[in-house]
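# Coordinates in review
Residue-level listing of the chains:
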Amino acid sequence: MAAARTVLPESATPPAHRDGNVLRWLAAYTASLVGDSVYFVALAWSAQKTAGPTEVGLIMAAGALPRALLMLGGGVLADRLDPRRVILGSDAVRCLLVLSVAAAVALTAPALWLLVAVALVFGAVDALFVPAIGALPPRITGPGQLARVAGLRSLSMRLSQIAGPPVGGLAMGIGGAAAAFTVAGLLFALSLPLLLSIRVRPLGTSGEAQPEPGTAWKDLLDGLRYIRRHRLIGPLVAVGAICELGLVSTLNVGMVLLNAERGWGPSGYGWIVGGFGAGATVGAVLLATVGRVPRAGLTMTGALIVGCSAAATIALVPSLRAAVVLAVIVGLSAGLFGALDNTLIQTAADPAYLGRVTSVVMLTMVGLAPLGYPVVGAAIGAWGAAPVFVGCGAFAGLGVAVALASGPVRRAELPR
């Protein structure tokens, strides 16, 4: 079911990390991600000054609901329209929204309802932005460069996580929440001319008969059926969903509770999180520079085995140093697995369905995976960290079984 696409010969496509077209997209994406981080810093501090702890949690979580509910619809829109137009519209709306909030905060103390409304709108726009971002890379470079693009995208995410909070904090220190919201809005504005300068190539479709255009609901159901029936994409989506459900909660919630249980303190937690980030960054740089990984399906499965084993073991080691080493291994393995899984999906998907496929993949990350947070927290409170980490690592390991049971995944290769 591989798609036959009308693209430039691969020999005419420069390496992604040297391609000006890709680098302009990367700069726009990075500006948008850093703007995201600064926005969340400004929102959190504004909420903390306006309301109590319960209301702060409500405000910070408000954006997750529309993001999860509308994500699949965002995939339909990305397939119906040019993904770049969707991204441009999303960043333009976020720019105007955040700058409006900056003006409101500068004039008066922000009301609780205003912050909740902003979070809801921002989450809804994110639901359109994320699938379009996933559908755009095959339109700006050749299929053989998508692994490099995945590595560059992961590197951009790490950079935004490192740079965003300090930039937001510095803006807060200089001019308060209004200044932080203004910086976020300007970063979204910066992405717009960069996106406009990108050359977008048309993509052909596979030789299969395409479904007749219909309602948005029909297009959504067609996309879900396409994923379920595809011999490679279906298993890859399932493997990624199992991995997210098994590991994300332990890394985001369990690691905090493990650190408290062992008495390693804030610095210990910082070392563990930093180790994970360093490993993921190394993986991203490796893919961005190497580009093509031989026997990609088996390499991806091997990275998942190593990552699940290290995540399950991290709560069993007695010393902080050993935990940091394992965190580096988890980050490196998770980064390689995620990038290869995403690249294989992008290169196998028919361009007509790529936005919907991306929306389903992202829904598992932003919609389903966080559902495990309270479960993991309650389980660690009842039984301690060690058995929960082992159990979650074993659950994520079910993804290995799915990958190994699928012949198309075992034989999957990246385009040359």
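To start, this report covers the structure provided alongside it.

Definitions and limits used
For every chain, the first residue of the written sequence is number 1, and numbering continues from 1 onward in sequence order. Local features in this predicted model are restricted to residues of pLDDT 70 or higher, and side-chain atom pairs are both shown and tallied only at a pLDDT of 80 or more, whereas totals for entire chains, interfaces and linings draw on every residue. To get the side-chain values, take all heavy atoms of the structure and skip hydrogens and water. In this text, helices come from DSSP runs of H or I with a minimum length of four residues, and strands from runs of E with a minimum of two, each type numbered from the N-terminal end. Given the number of residues in a helix, its expected span is that number minus one, multiplied by 1.5 Å. One axis is fitted to the seven residues ending at the residue and one to the seven starting there. The bend at that residue is the angle between these axes. Salt-bridge detection follows one rule: a side-chain nitrogen of Lys or Arg within 4 Å of a carboxyl oxygen of Asp or Glu. Only protein chains enter the area calculation, which uses a 1.4 Å probe; residues under 20% of their type maximum are buried, those over 50% are exposed, and those in between are partly exposed. What makes two residues a contact is simply this: any of their non-hydrogen atoms within 4.5 Å. To pair, rings of Phe, Tyr and Trp, with the six-membered ring standing in for Trp, must have centres within 6.5 Å; the planes then decide the type, stacked if under 30 degrees apart, edge-to-face if over 60, and tilted in the middle. Helix axes use the C-alpha atoms of the stretch in contact, all axes being lines fitted to C-alpha atoms, and the angles between their N-to-C directions lie in the range 0 to 180 degrees. Any angle that is under 35 degrees is reported as roughly parallel, and any over 145 degrees as roughly antiparallel; angles of 65 to 115 degrees are reported as roughly perpendicular and all others as oblique. By the definition used in this description, the sense in which the near helix is turned from the far one sets the handedness, with an anticlockwise turn below a right angle giving left-handed and a clockwise turn giving right-handed. Residue polarity is assigned by list, with Asp, Glu, Lys and Arg as charged and Ala, Val, Leu, Ile, Met, Phe, Trp, Tyr, Cys and Pro as nonpolar; anything else, Gly included, falls into the polar class.

### A word on helix H8 (residues 233-262)
- The end-to-end C-alpha distance of H8 is 41 Å, a good match for the 44 Å that 30 residues give at a rise of 1.5 Å each.
- Of all the bends found along H8, the most pronounced is centred on Gly254 and spans about 50°.
- At the exit of H8 stands Gly263, carrying a positive phi of roughly 75°.

### Digging into the pattern of salt bridges
- One pass over the structure, following the stated rule, counts eight salt bridges.
- Between Arg94 and Asp126 there is a salt bridge whose closest N-O contact spans 2.8 Å. Of the two residues, Arg94 sits in helix H4 (residues 83-107) while Asp126 sits in helix H5 (residues 112-135), which places them 32 residues apart along the sequence. Residue Arg94 shares its accessibility class with Asp126, and that shared class is buried.
- Residue Asp222 is joined to Lys218 by a salt bridge in which the shortest nitrogen-to-oxygen separation is 3.1 Å. Of this pair, Asp222 and Lys218 both sit in helix H7 (residues 216-229), separated by four residues, roughly a single helical turn.
- Overall, Asp222 belongs to the buried group, its relative accessible area being 10%.
- Taken together, the shared-partner salt bridges connect Asp36, Arg67, Asp91, Arg94 and Asp126 into one network.

### Re the side chain of Ser37
- You can see Ser37 is positioned in helix H1 (residues 20-50).
- Overall, the relative accessible area of 17% leaves Ser37 in the buried class.
- In this structure, Ser37 is in contact with Ser160, Gly164 and Pro165, ignoring residues within four places of it in sequence.

### Brief notes about unusual backbone geometry
- The backbone of Arg295 shows a phi angle near 50°, a positive value even though the residue is not glycine.
- Along the chain, Arg295 turns up in the loop between helix H9 (265-290) and helix H10 (296-313).

### Things to note about the environment of Val330
- Counting through the fold element by element, Val330 comes out in helix H11 (residues 320-348).
- Classification of Val330 as buried rests on a relative accessible area of 3%.
- Val330 sits 19 residues away from Ala311 along the chain, and the two C-alpha atoms are 6.2 Å apart.
- Residues contacting Val330, with those up to four places away along its chain left out, are Leu251, Phe276, Gly307, Ala310 and Ala311.

### Let's talk about the side chain of Thr358
- The topology assignment puts Thr358 in helix H12 (residues 354-368).
- A relative accessible area of 9% places Thr358 in the buried class.
- Ignoring sequence-local partners within four residues, the contact set of Thr358 consists of Val130, Pro131, Gly134 and Ala135.

### A word on the packing of aromatic side chains
- Applying the stated rule across the entire model yields seven aromatic pairs.
- Their ring planes at 5° and their centres at 5.6 Å tell us that Trp25 and Tyr29 sit as a pair that is stacked. Here Trp25 pairs with Tyr29, and both are found in helix H1, just four residues apart, close to one helical turn. You'll find Trp25 and Tyr29 in the same group, each marked buried.
- Through a chain of ring-to-ring contacts, three or more aromatic side chains come together here, namely Tyr39, Phe40, Phe122, Phe181 and Phe188.

### Re the packing of H1 against helix H6 (residues 146-196)
- Running from N to C, H1 and H6 point in directions that differ by 40°, and their axes come no closer than 5 Å. On the basis of the axis angle, H1 is oblique to H6.

### Here's the deal with the packing of H1 against H5
- One can describe the packing of H1 onto H5 by two numbers: an axis separation of 12 Å at closest approach and a directional angle of 160°. Here H5 runs roughly antiparallel to H1, going by the angle between their axes. Pair H1 / H5 crosses with left-handed handedness. On H5, the residues that touch Trp25, Tyr29, Ser32, Asp36, Tyr39, Leu43, Ser46, Ala47 and Thr50 of H1 are Leu112, Leu115, Val118, Ala119, Phe122, Asp126, Phe129 and Ile133.
- Of the residues that constitute the contact of H1 with H5, the class distribution is 12 nonpolar, three polar and two charged.

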